[in-house]
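# Observations on chain architecture
This is what each chain is made of:
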Amino acid sequence: MPTLSRRALLLGGGGSLVAAVAAGAVLLEEGVLPGRAAVERKLGITGPAGVVPTAGTGPRVSGTFTSAARGGTPTGWTISYPPGSAEGDHLPVVVSLHGYGGDHRSSFDHGMHLDRFQAHARAEGGPAVAIASVDGGNDYWHARTSGRDPQRMLVDEFLPLLRRRGLDTARLGLSGWSMGAYGALLVGSTLGPERVRAVAASSVALWPTRARSASGAFDGDEDFARNDLTTRTAALGALAVRIVCGTADAFCPGNEQLVQRITPTPPSSFTLGAHDWDYWRRVAPEQLRFLAGRL
């Protein structure tokens with residue numbers, strides 16, 4: 001079959017392609033499109049399938065709290081410890097923010113399998129780093145007119161929970177994919193380098209205007225402007241940031257442009273891949289190495 005270039009895909013779809021990617025991301029995270037990556041590999045527009053390591057994982061603990069910041073919503077969470085560590089150990093922590101349609105389990109059981117990558121990195125001599133995730137709903141990790149504020153939940157409720165459980169939130173990293181990558185950069189640019197040591201963002205969900213954004217991502221033009229990452233490049237430049245995106249992803253041009261606008265230019269990678277689990281798993285080892293090296 002002929003190979004389709006990213007440019008041909010993007011020019012062929014225009015703004016509608018970005019919306020289609022956003023919709024497709026939901027279906028991917030909910031497991032509705034399990035065969036998409038295989039088809040794209042046959043078309044020559046994605047890289048190889050992301051391989052999940054088989055290394056035995058360390059301890060894991062989960063729970064639920066009622067989040068006042070999210071309007072009294074029951075909010076699930078999980079902490080994964082590397083092999084050789086135990087609950088209560090004073091470890092640096094990476095908070096992984098899930099994408100649209102996901103929850104705290106998406107970082108582990110239902111998609112990314114970050115605990116496997118965490119264990120593999122530790123077996124290869126990497127530093128001991130905990131990974132934690134929490135439910136944020138589909139509110140794009142910022143305050144909404146509904147009264148729900150997943151960003152405030154993260155900062156005022158979840159980080160204190162992690163501290164109470166012994167984790168060192170003074171050595172904090174943020175990561176995420178798609179909506180979660182957007183959220184990680186948004187939270188990092190808000191808290192600054194005094195509170196966040198590093199951010200690793202994969203396939204950041206970025207739109208040029210509110211009108212072209214996914215339905216429900218923002219409450220209006222003012223909400224979009226307040227939370228527009230392209231206006232936060234100075235704050236992002238003060239952080240240790242790494243941004244990656246697949247070249248067959250409709251969000252790739254926006255990701256590339258964001259990297260170019262940040263000073264100093266952050267490390268980045270734009271290689272063959274789509275907006276799917278295979279790509280996110282494939283880049284997970286390097287994203288975790290980047291974070292661990294700075295925590």
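Quick note: structure is the one above.
So, here is what we can say about the structure in this document. (Residues numbered from 1 in each chain as written. Predicted model: local features only at pLDDT ≥ 70, side-chain atom pairs only at ≥ 80, totals over all residues. Heavy atoms only, no water.)

### Observations concerning the sheet that holds strand β6 (residues 198-202)
Adjacent strands of a sheet form backbone hydrogen bonds with each other and so pair up, either parallel or antiparallel. Spatial ordering of the open sheet is given by β1-β2-β4-β3-β5-β6-β7-β8, a layout of eight strands whose pairing is mixed. Each end of this open sheet is capped by a strand with a single partner; those strands are β1 (60-67) and β8 (268-271). Ignoring which end each strand starts from, the neighbouring axes of this sheet average 15° apart. The pairing of strand β7 (residues 240-246) with β8 spans four bridges and is classified as parallel. If you follow Gly246 over to β8, its bridge partner there is Thr271. Most of the contacts of helix α3 (residues 114-123) go to strand β4 (residues 130-134), to which it runs at about 170°, and overall it touches β1, β2 (73-80), β3 (92-97) and β4. Strands in contact with helix α9 (residues 277-294) are β3, β4, β5 (168-177), β6, β7 and β8; relative to β6, the strand with the most contacts, it is inclined by about 170°. (Pairing = 2+ DSSP bridges. Helix = DSSP H or I, 4+ residues; strand = E, 2+ residues; numbered from the N terminus. Axes fitted to C-alpha atoms, helices over the stretch in contact; angles between N-to-C directions. Contact = heavy atoms within 4.5 Å.)

### Focus on the nonpolar core
Nonpolar side chains in soluble globular proteins tend to end up buried together. One finds Ile79, Val95, Phe158, Leu162, Leu185, Val204 and Ile243 to be the most contacted residues of the largest nonpolar core, which totals 54 residues. With eight residues, the single largest contributor to this core is helix α5 (residues 179-191). Residues in contact with Leu162, not counting those within four places in the same chain, are Ile79, Val93, Val95, Ala132, Leu167 and Thr169. Counting residues in hydrophobic clusters, the runner-up holds 21 residues, among them Phe117, Ile131, Ala198 and Trp277. (Core = buried A, V, L, I, M, F, W, Y, C linked by side-chain atoms within 4.5 Å. Buried < 20%, exposed > 50% of the residue type's maximum accessible area, 1.4 Å probe, protein only.)

### Topic: the packing of aromatic side chains
The tally for this structure, following the rule as stated, stands at 10 aromatic pairs. Measuring from centroid to centroid gives 6.3 Å for Tyr140 and Phe218, while their planes differ by 35°, and the two rings are tilted. Of the two residues, Tyr140 is situated in the loop between β4 and α4 (150-164) and Phe218 in the loop between β6 and α6 (221-226); the sequence distance between them amounts to 78 residues. Accessibility expressed as a relative area gives 10% for Phe218, which makes it buried. Ring pairing ties together the aromatic residues Tyr100, Tyr140, Tyr182, Trp207, Phe218, Phe224 and Phe251, which thus form one cluster. (Phe/Tyr/Trp six-rings, centres within 6.5 Å; stacked < 30°, edge-to-face > 60°.)

### A look at the pairing of β6
Taking burial as the measure, the five residues of β6 include five buried ones, the bulk of the element. Residues Ala198, Ala200 and Ser202 of β6 are buried on one face, and the alternating residues Val199 and Ala201, pointing to the opposite face, are buried as well. Alignment of β5 against β6, held across five bridges, turns out to be parallel. By the bridge assignment, Leu174 is partnered in β6 with Val199. Chirality of the crossover, the property in question, places the unit of β5, α5 and β6 among those that are right-handed. Bridge count between β6 and β7: five bridges; the pairing is parallel. Each bridged residue has a counterpart across the sheet, and for Ala201 the counterpart in β7 is Ile243. (Right-handed = clockwise from strand over helix to strand, strands pointing away.)

### Some remarks on unusual backbone geometry
Cis geometry marks the peptide bond from Thr263 to Pro264; its omega dihedral reads -5°. Relative to the assigned elements, Pro264 resides in the loop between α8 (252-261) and β8. The phi dihedral of His113 is positive, around 55°, even though this residue is not glycine. Its location among the elements puts His113 in the loop between β3 and α3. On the accessibility criterion, His113 (21% relative accessible area) is partly exposed.

### Concerning α5
Under the 1.5 Å per step criterion, the end-to-end length of α5 is 18 Å for 13 residues, consistent within 8% with the ideal 18 Å. Burial runs high along α5: 12 of the 13 residues are buried. Buried within α5 are the following residues: Met179, Gly180, Ala181, Tyr182, Gly183, Ala184, Leu185, Leu186, Val187, Gly188, Ser189 and Leu191. Among the residues trailing α5, Gly192 stands out with phi positive, at a value near 80°. (Expected span 1.5 Å × (residues − 1).)

### Quick notes on the state of the cysteines
A full pass over the atoms with the stated rule returns zero disulfides. Residue Cys245 stays outside any disulfide, its sulfur separated by 4.5 Å from that of Cys252, the closest cysteine. We classify Cys245 as buried; its relative accessible area is 0%. Note on Cys252: relative accessible area 0%, which makes it buried. (Disulfide = S-S within 2.5 Å.)

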